[in-house]
Amino acid sequence: PKRSNFVVNKKSLTLDSLKSSSVVDTVNNPAVFGIARSLDGTFYLATAGGLFTLDISNFKLKASGVKGLDTSRVTGVWIGGNPEQIIVETSKRGKSSTEDKLWRSYNGKAFAEVVFRDTTGKAQKNIYDKNDFTTSDVAFIGDRAFLSVQAVEGSASGLLKLDSIGAIPYDDEDNQWLYGLNAGV
């Protein structure tokens, strides 16, 4: 058997094996933060240079085709549920905070930014960013997804629930968006 280390080659859209003398260029060889496999066998790679799908037969990569995902630092990808969902997080360090966004492909549809709604169903803006959250893991139960989230450089943590229409708030005296605030998950 042969053991190889692979890097993403964003320029040629391939996975390249490293040689011992290789120098990694972080622009053309972005770091891989996560990988997940869909039911149809497609591999999704979350990288510092965008979201890619991988054809395992020839190690060819393909950009997602969504501008917000192809030009962003994608820090996580999770797949599961029924119908299948693909949840992606993008993250960008701003001057004083980390700007994170959640994206989702639901039931084979194109990726869209997650919509956050209040208890009356009205869309809310910048909820995820405003609270400086990041996702560490996702559990899928039917058509719902529960995201383990925590505040970047903070102590707030809990579960965020996504269903077929987006993120729906819960009643919590401190923060209506999370279950188990400050409890850890």
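What you see is a predicted model, and the numbers here were worked out from it, not measured in a lab.

Draft legend 1. Representation of the pairing of strand S1 (residues 6–9). Here S1 pairs with strand S2 (residues 14–17) via four bridges, running antiparallel. Residue pairing for S2: Phe-6 is matched across the bridge by Ser-17. The antiparallel pairing of S1 with S2 creates a hairpin that spans four residues between the two strands, and Leu-13 there sits at a positive phi of about 55°.

Draft legend 2. Geometry of the sheet that holds strand S8 (residues 85–93). Taken together, four strands build an open sheet; the order of strands is S7-S8-S9-S10 and the sheet is antiparallel. Only two strands of the sheet have a single neighbouring strand rather than two, namely strand S7 (74–80) and strand S10 (112–113). In this sheet, S8 lies alongside S7 in antiparallel orientation, the contact comprising six bridges. If you follow Val-77 over to S8, its bridge partner there is Val-88.

Draft legend 3. Quick look at the environment of Lys-11. Structurally, the position occupied by Lys-11 is in the loop between S1 and S2. In the structure, Lys-11 is positioned 18 residues away from Asn-29 in sequence and 8.4 Å away in space, judged by C-alpha atoms.

Draft legend 4. Geometry of the side chain of Thr-47. Along the chain, Thr-47 falls in strand S4 (residues 43–47). At 3.0 Å, the side chain of Thr-47 and the backbone nitrogen of Gly-49 are in polar contact. At 2.7 Å, the side chain of Thr-47 and the backbone oxygen of Gly-50 are in polar contact. Apart from residues no more than four positions distant in its own chain, Thr-47 is found in contact with Val-8, Pro-30, Ala-31, Val-32, Phe-33, Phe-52, Ser-72, Arg-73 and Val-74.

Draft legend 5. Structural view of the nonpolar core. Ranked by size, the top nonpolar core spans 15 residues in total, and within it Ile-87, Leu-102, Phe-116, Tyr-128, Leu-147, Leu-160 and Leu-162 carry the most contacts. Mapped by element, the contributors of at least two residues to this core are helix H2 (127–130), strand S13 (133–141), strand S14 (144–151) and strand S15 (157–163). For this core, the leading source of residues is S14, giving three residues. In this structure, Leu-102 is in contact with Val-88, Glu-89, Ala-112, Glu-113, Val-114, Phe-116, Tyr-128, Thr-135, Leu-147 and Leu-160, ignoring residues within four places of it in sequence. If you look at the next biggest cluster of nonpolar residues, it comprises 13 residues, including Ala-36, Ala-46, Leu-51 and Val-74.

Draft legend 6. Molecular detail of unusual backbone geometry. Omega for the peptide link from Asn-82 to Pro-83 comes to 5°, which places this bond in the cis form. Here Pro-83 is to be found in the loop between S7 and S8. Backbone geometry places Leu-13, a non-glycine residue, at a positive phi of 55°. Checked against the element boundaries, Leu-13 lands in the loop between S1 and S2.

Draft legend 7. Region of interest: a nonpolar patch on the surface. Together, Phe-6, Ile-56 and Phe-59 give the surface a local cluster of nonpolar side chains, amounting to about 270 Å² of exposed area. Among the secondary structure elements, Ile-56 is positioned in the loop between strand S5 (50–55) and strand S6 (60–63).

Draft legend 8. Fine view of the side chain of Ser-105. Tracing the backbone shows Ser-105 in strand S9 (residues 98–106). In this structure the side chain of Ser-105 is engaged in a polar contact, spanning 2.5 Å, whose partner is the backbone oxygen of Lys-109. Apart from residues no more than four positions distant in its own chain, Ser-105 is found in contact with Glu-84, Gln-85, Ile-86, Ala-110 and Phe-111.

Draft legend 9. Spotlight on the pairing of strand S3 (residues 32–37). Summarising the sheet, S3 and S4 pair through five bridges and their orientation is antiparallel. Bridging across to S4, Gly-34 finds its partner in Ala-46. Counting the residues in the hairpin turn of S3 and S4 gives five residues, including Gly-41, whose phi is positive at 90°.

Conventions and cut-offs
Residues numbered from 1 in each chain as written. Predicted model: local features only at pLDDT ≥ 70, side-chain atom pairs only at ≥ 80, totals over all residues. Heavy atoms only, no water. Pairing = 2+ DSSP bridges. Helix = DSSP H or I, 4+ residues; strand = E, 2+ residues; numbered from the N terminus. Polar contact = N/O pair within 3.5 Å; in protein donor to acceptor, adjacent residues only side chain to side chain. Contact = heavy atoms within 4.5 Å. Core = buried A, V, L, I, M, F, W, Y, C linked by side-chain atoms within 4.5 Å. Buried < 20%, exposed > 50% of the residue type's maximum accessible area, 1.4 Å probe, protein only. Patch = residues over 30% accessible without salt bridge, like charges linked within 9 Å, V, L, I, M, F, W, Y side chains within 5 Å. Areas by Shrake-Rupley, 256 points an atom, 1.4 Å probe, with all protein chains shown as cover. Salt bridge = Lys/Arg side-chain N within 4 Å of Asp/Glu carboxyl O.

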